[in-house]
Amino acid sequence: PCPRLSVVLRIFLCPLGRIPGHPWGTQSQRRGLMALPPQPMEGPPKLKPLVAVGQVTSTPDKELNFRACSGLVREAAQRGACLIFLPEGFDYIGLKAAQTLSLAEGLDGDLMGRYAELARECGVWLSLGGFHERGQDWATTGRIYNCHVLLDSAGKLVATYRKTHLCDVELEGRVSMKESSFTNPGTEIVAPVDTPAGKLGLSICYDLRFPELSLALRRAGAEILTYPSAFTFPTGSAHWEVLLRARAIESQCYVVAAAQTGQNHEHRTSYGHTLVVDPWGAVVAQCSEGTGLCYAEIDLNYLHRIRREIPVHAHRRPDLYGTMGLAPGL
């Protein structure tokens, strides 16, 4: 059946004069309306911000890595991306802890200066996830920070987040990592930052396993969560996508995860599978094998509709969480 047909018949069968319920009123009033000049049409729908997410294979060669990353940034800028994400270890991945420490720089060093110039040149924001930073305590601790750096399109350093959860993992016969042996943990969560794509909450790789962080960023107003990563193959193949989708669903945020891929050096292979998840938990963009980019539009109207329809944030019960086992009244 054609529902529109019944509407048309009702209009034509009405007696002359007012059409019942019709906003144009009587026939003479309608003639007056017909004489009015046509109203200007609305402009084209507003474009949704486009983000680009990089997948790279960093090595101990910092210059080679910069050429690869800057090439991806320029390509994404030409495609119209306003915010470009690079993974943990975008600057380099060292062969051993001693090499990792020797190659580290401060935020005022040459490499970060080159990325600031690149952001200005391309007119884009850069999320640089997992910079090996020699902090102010380098001289006394001899340790570095795993630092997520956010640059705006003028090359200004807008925010820094230092990884709070360090990856100390021992999978017998497969993976052995002890990030805490040469890295200082960060001491604070950074408030979400207003970017051209939305309010961005910063974290790094292993932070993905801690939903408390994503929920804290959501409470602070985050609309996009980002997890720049260098997952190993055993952990990535088992947990990567399911954890990212879980963080998106529970926070009702977009989740953006740039990743290392392939053989970084003779002792390390990274999982890859760079992806973007929407607030419903659907994977909306993903990189295939090898280095490259994937793109996603950030639809904040869609995000806020999901939050209205399933208002889990308003339904949370912080008055109950953490109280199991306590005496009544505590």
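Residues numbered from 1 in each chain as written. Predicted model: local features only at pLDDT ≥ 70, side-chain atom pairs only at ≥ 80, totals over all residues. Heavy atoms only, no water.

Looking at an unreviewed UniProt entry, one finds the chain named Deaminated glutathione amidase, with Bucco capensis as its source organism. UniProt, in its Sequence similarities (unreviewed entry) section for the chain, records the words "Belongs to the carbon-nitrogen hydrolase superfamily. NIT1/NIT2 family." (UniProt positions renumbered as here; feature names shortened; annotations may be inferred.)

(A) A look at the nonpolar core. If you look at the biggest cluster of nonpolar residues, it comprises 45 residues, and the most contacted ones within it are Leu83, Phe85, Trp240 and Leu244. Not counting the four nearest positions on each side in its chain, Trp240 is found in contact with Leu208, Tyr227, Ser229, Phe231, Thr235, Ala257, Ala258, Ala259, Tyr271, Gly272, His273 and Leu275. Core analysis: the second largest hydrophobic core is formed by 26 residues, Ala52, Val56, Ala81 and Cys147 among them. (Core = buried A, V, L, I, M, F, W, Y, C linked by side-chain atoms within 4.5 Å. Buried < 20%, exposed > 50% of the residue type's maximum accessible area, 1.4 Å probe, protein only. Contact = heavy atoms within 4.5 Å.)

(B) Just the layout of surface pockets, in detail. If you add up the space inside the largest pocket, you get close to 950 Å³. In terms of lining residues, the largest pocket is bounded by 41 residues, among which Ser176, Met177, Ala230, Thr232 and Arg268 are the most central. Breaking the lining of the largest pocket down by element, the ones donating at least two residues are helix H4 (97-103), strand S3 (125-133), strand S4 (145-151), strand S6 (168-171), strand S7 (175-178), helix H8 (233-251) and strand S13 (268-271). Considering every element that reaches the lining of the largest pocket, the biggest residue donor is H8, with 5 residues. Class assignment of the residues belonging to the lining of the largest pocket gives a composition of 19 nonpolar, 14 polar and 8 charged. Lys46, Leu47, Lys48, Pro49 and Ile298 are the residues nearest the centre of the second largest pocket, which is lined by 13 residues in total. Residue composition of the lining of the second largest pocket, by class: 7 nonpolar, 3 polar and 3 charged. (1 Å grid on protein atoms, 1.4 Å probe; cavity = no way out; pocket = protein on both sides within 12 Å on 5 of 7 lines; lining within 4 Å. Points joined across faces, edges and corners; volume = space filled by probe spheres on them. Helix = DSSP H or I, 4+ residues; strand = E, 2+ residues; numbered from the N terminus. Nonpolar A, V, L, I, M, F, W, Y, C, P; charged D, E, K, R; others polar.)

(C) How the structure looks around the confidence of the model for the chain. Mean pLDDT for the chain: 87, with 85% of residues reaching 70 or above. Across residues 1-36 the pLDDT falls below 50, and counting only partners more than four positions away or on other chains, this stretch makes 18 contacts in the model. (pLDDT = per-residue confidence, 0-100.)

(D) Here's a closer look at the pattern of salt bridges. Counted according to the given criterion, the structure contains 11 salt bridges. A salt bridge links Glu241 to Arg245; its shortest N-O distance comes to 3.6 Å. Here the residue Glu241 and the residue Arg245 both occupy positions in helix H8, the gap between them amounting to 4 residues, near one helical turn. Each of the salt bridges in this network shares a partner with another, and the network as a whole consists of Glu63, Asp110 and Arg114. (Salt bridge = Lys/Arg side-chain N within 4 Å of Asp/Glu carboxyl O.)

(E) Summary view of a nonpolar patch on the surface. A cluster of nonpolar side chains, Trp280, Ile310 and Val312, forms an exposed patch at the surface whose accessible area comes to about 280 Å². Inspection of the secondary structure assignment puts Trp280 in the loop between strand S14 (275-277) and strand S15 (283-286). (Patch = residues over 30% accessible without salt bridge, like charges linked within 9 Å, V, L, I, M, F, W, Y side chains within 5 Å. Areas by Shrake-Rupley, 256 points an atom, 1.4 Å probe, with all protein chains shown as cover.)

(F) Focus on the packing of helix H3 (residues 62-78) against helix H5 (residues 110-122). At a closest axis distance of 10 Å, the pairing of H3 and H5 adopts a crossing angle of 15 degrees. Between H3 and H5, the angle is such that the two are roughly parallel. Where H3 crosses over H5, the handedness of that crossing is right-handed. In contact with Lys62, Glu63, Phe66, Cys69, Ser70, Val73, Arg74 and Ala77 of H3, H5 contributes Leu111, Arg114, Tyr115, Leu118, Glu121 and Cys122. Of the residues contributing to the contact of H3 with H5, the split by class is 8 nonpolar, 1 polar and 5 charged. (Axes fitted to C-alpha atoms, helices over the stretch in contact; angles between N-to-C directions. Parallel < 35°, antiparallel > 145°, perpendicular 65-115°, else oblique. Left-handed = near helix turned anticlockwise from the far one by under 90°.)

(G) Highlighting the sheet that holds S15. One open sheet holds the 6 strands; their spatial order is S8-S9-S10-S11-S14-S15, and the pairing between them is mixed. Pairing within the sheet leaves two strands with one partner each, and these edge strands are strand S8 (193-195) and S15. Adjacent strand axes in the sheet meet at a mean angle of 25 degrees when their direction is disregarded. In this structure, strand S9 (residues 198-202) lies alongside strand S10 (residues 224-226), joined through 3 bridges in parallel fashion. (Pairing = 2+ DSSP bridges.)

(H) Spatial organisation of the state of the cysteines. This model, assessed by the stated rule, comprises 0 disulfides. Left without a disulfide partner, Cys287 is nearest to the cysteine sulfur of Cys294, which lies 4.0 Å away. Take Cys287: its relative accessible area is 9%, and that puts it in the buried class. (Disulfide = S-S within 2.5 Å.)

(I) The environment of Cys205, seen in detail. Counting through the fold element by element, Cys205 comes out in the loop between S9 and helix H7 (211-219). Among all residues touching Cys205, those that are not within four sequence positions of it are Glu88, Lys163, Tyr227, Pro228, Ser229, Ala230 and Phe231.

(J) Summary view of H7. For H7, every residue scored as buried is listed here: Leu213, Ser214, Leu215, Leu217 and Arg218. Its buried side turned inward, H7 meets strand S5 (157-162), S9, S10, H8, helix H9 (300-309) and helix H10 (312-315). Looking at the residues trailing H7, positive phi occurs at Gly221, about 110 degrees.

(K) Fine view of the side chain of Ser270. As for its placement among the helices and strands, Ser270 is situated in strand S13. For Ser270, a relative accessible area of 2% translates into the label buried. Beyond its immediate sequence surroundings of up to four residues, Ser270 is in contact with Phe231, Phe233, Gln260, Thr261, Gly262 and Asn264.

(L) Region of interest: the packing of aromatic side chains. Overall, the coordinates contain 6 aromatic pairs when judged by the stated rule. Measuring from centroid to centroid gives 5.5 Å for Tyr206 and Phe210, while their planes differ by 75 degrees, and the two rings are edge-to-face. Three or more aromatic residues joined by ring pairs form one cluster here, namely Phe66, Phe90, Tyr115 and Phe131. Just above the ring of Phe66 sits the side chain of Arg114; from NZ or CZ to the centre is 4.1 Å. Here the basic side chain of Arg162 rests over the ring of Tyr145, its NZ or CZ set 5.8 Å away from the ring centre. (Phe/Tyr/Trp six-rings, centres within 6.5 Å; stacked < 30°, edge-to-face > 60°. Lys NZ or Arg CZ within 6 Å of the ring centre and 35° of its normal.)

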